[in-house]
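Here is what each chain is made of, one letter per residue.
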Amino acid sequence: MTDFAERRRMMVDTQIRPSDVTKFPIIEAMLAVPREAFVADAQREAAYADNNIDIAPGRVLLEPRTLAKMLDAIDVQPDELVLDVACGMGYSTAVVARVAQMVIGVEADESLASEAQDQLSAVSADNAIVHTGALAEGAAEHGPYDVIMVQGGVETMPEALLNQLKDGGRIIAIFMSGALGEVKIGYKSADQISWRLAFNAGAPVLPGFEAVKEFAL
């Protein structure tokens, strides 16, 4: 029988800590949440690999390093409300739930959303819920949010999401340009967002986050 607890420890020791992620709440969360429970049965053996895992057409579960570094960069506090966009089967939401006060996961795929809610209940993430709806529309009824995390690639950030961020809040996403991606943090002040580079990573561009194509005559 596979020792997934040992694989979690190895994931943290070989992927997370060497990436300069040292905040104890993040390490504790990554050690505690069973990543194998948030992927399809056929992918459980690959759950702790250091790469993105396909969970649906054009959708991935971000590699452990990327998620950990995003959490480290955005610095979620225990009293904060977080919107977790494109939560898939709920792994990122379960991890964030261990460091935040409350997490709202957003998932457009109804089957993924249902699975996410079931798995969050199974791991006793009682401070997390899943909202089913278009990813780019977020979940305004539960906001505004201190932190917004986007679990996938973006080319442009929808105004609907930026409007759900509190003044003084932060948003983090992987901005893709072709095959290259940069994780950027946006800081909101007086209805303006200022972005800064955090690190490099990559993921497929999420539906609703594509740049509008310009056609030349």
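Residues numbered from 1 in each chain as written. Predicted model: local features only at pLDDT ≥ 70, side-chain atom pairs only at ≥ 80, totals over all residues. Heavy atoms only, no water.

**Notes on the overall build of the protein**
Within the protein, the regular secondary structure consists of 6 helices and 9 strands. On C-alpha atoms alone, the protein measures out to a radius of gyration of 16 Å, which is about the 17 Å that the 2.2 N^0.38 rule sets for 217 residues. Overall size of the protein, expressed as C-alpha extent along the three principal axes, is 60 × 40 × 35 Å. A buried classification covers 52% of the 217 residues belonging to the protein. Carbon and sulfur atoms form 50% of the exposed surface of the protein, whose accessible area is close to 10,000 Å². (Helix = DSSP H or I, 4+ residues; strand = E, 2+ residues; numbered from the N terminus. Rg over C-alpha atoms; globule rule 2.2 N^0.38 Å. Buried < 20%, exposed > 50% of the residue type's maximum accessible area, 1.4 Å probe, protein only. Areas by Shrake-Rupley, 256 points an atom, 1.4 Å probe, with all protein chains shown as cover.)

**Here's the deal with the packing of aromatic side chains**
Using the criterion set out here, one finds 3 aromatic pairs in the structure. Consider the rings of F4 and Y48, whose centres lie 6.3 Å apart with planes at 35°: the pair is tilted. Here the residue F4 occupies a position in helix 1 (residues 4–16), and Y48 occupies one in the loop between helix 2 (24–32) and strand 1 (53–56), the gap between them amounting to 44 residues. Geometry around F199 places K69 over its ring, the cationic atom sitting 5.0 Å from the centre. (Phe/Tyr/Trp six-rings, centres within 6.5 Å; stacked < 30°, edge-to-face > 60°. Lys NZ or Arg CZ within 6 Å of the ring centre and 35° of its normal.)

**Details of the sheet that holds strand 9 (residues 192–200)**
Strand order in the open sheet formed by 7 strands is 5-4-3-6-7-8-9, and the pairing between neighbours is mixed. Of all strands in the sheet, those with a lone pairing partner are strand 5 (128–132) and strand 9, marking the two edges. Recorded for the sheet is a direction-independent mean angle of 20° between the axes of neighbouring strands. Helix 3 (residues 64–74) contacts strand 6 (145–154), strand 7 (165–177), strand 8 (180–189) and strand 9 of the sheet and is inclined by roughly 150° relative to strand 7. (Pairing = 2+ DSSP bridges. Axes fitted to C-alpha atoms, helices over the stretch in contact; angles between N-to-C directions. Contact = heavy atoms within 4.5 Å.)

**Looking at helix 1**
Among all positions of helix 1, only F4, R8, M11, V12, Q15 and I16 are buried. Buried residues of helix 1, seen end-on, are gathered within an arc of 110° and therefore sit on one face of the element. Against the buried residues of helix 1 lie helix 2, helix 3 and helix 4 (91–97). Where helix 1 starts, the residue carrying a side-chain oxygen 3.3 Å from the main-chain nitrogen of A5 turns out to be D3. (Arc of directions from axis to C-beta. Polar contact = N/O pair within 3.5 Å; in protein donor to acceptor, adjacent residues only side chain to side chain.)

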